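Each chain is listed here by its residues.
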Amino acid sequence: MKKTIVMPTLKPDMKEGVLCRWNAEEGETVKKGEVLFEVETDKVVSEVEATEDVKLCRIIAEEGDTVAPGGALCEVIAE
């Protein structure tokens, strides 16, 4: 089943985050607990891990994009 991964709210007053880096490419599988992407907020970079085994189907937000919490980042399929 295809799911959309969104920008997480990393702190209560977060208004936006910058997608710093994808740690996988389209078509690759990311295991639960592996870092899927990195986000910068207020000069702090946070790693966001996959919550389940997934295949990255489509990247929506590119590295360097500023995205509000809840904004679409990518589509995945649970493995």
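What you are looking at is a predicted structure, and each value in this text was computed from that prediction instead of being measured.

How do you make sense of the nonpolar core when you look at a structure like this?
Soluble globular proteins tend to bury their nonpolar side chains together. Counting 19 residues, the largest nonpolar core has W22, F37 and L73 as its most contacted members. Listing elements by their share of this core, those giving two or more residues are β2 (17–22), β4 (35–41), β6 (54–59) and β8 (72–78). If we skip the residues at most four places from it in the chain, L73 touches I5, V6, M7, W22, F37, I59, I60, A61 and V67.

Which parts of the structure should I look at to understand the pairing of β8?
Remember that side chains alternate between the two faces of the sheet whenever the strand is regular. Pairing of strand β1 (residues 2–6) with β8, which is carried by five bridges, proceeds in the antiparallel orientation. From the neighbouring strand, K2 faces β8, where its bridge partner is I77. With five bridges connecting them, β6 and β8 associate as antiparallel partners. Residue pairing across strands places K55 opposite I77, the latter belonging to β8.

In this structure, what is going on with unusual backbone geometry? I would like to understand it.
Backbone geometry places D42, a non-glycine residue, at a positive phi of 45°. If you trace the backbone, D42 turns up in the loop between β4 and β5 (44–49). Judged by its relative accessible area of 58%, D42 falls in the exposed class. One non-glycine residue, K43, lies in positive phi territory at about 70°. Along the chain, K43 turns up in the loop between β4 and β5.

For this particular structure, what's the right way to read the environment of D53?
By secondary structure assignment, the location of D53 is in the loop between β5 and β6. On the basis of relative accessibility, which here comes to 28%, the residue D53 falls in the partly exposed class. Note: C-alpha distance between D53 and T29 (24 residues apart in sequence) is 7.2 Å. In this structure D53 touches V30, K31, K32, I77, A78 and E79, once residues within four positions along its chain are discounted.

Cut-offs applied
Residues numbered from 1 in each chain as written. Predicted model: local features only at pLDDT ≥ 70, side-chain atom pairs only at ≥ 80, totals over all residues. Heavy atoms only, no water. Core = buried A, V, L, I, M, F, W, Y, C linked by side-chain atoms within 4.5 Å. Buried < 20%, exposed > 50% of the residue type's maximum accessible area, 1.4 Å probe, protein only. Helix = DSSP H or I, 4+ residues; strand = E, 2+ residues; numbered from the N terminus. Contact = heavy atoms within 4.5 Å. Pairing = 2+ DSSP bridges.

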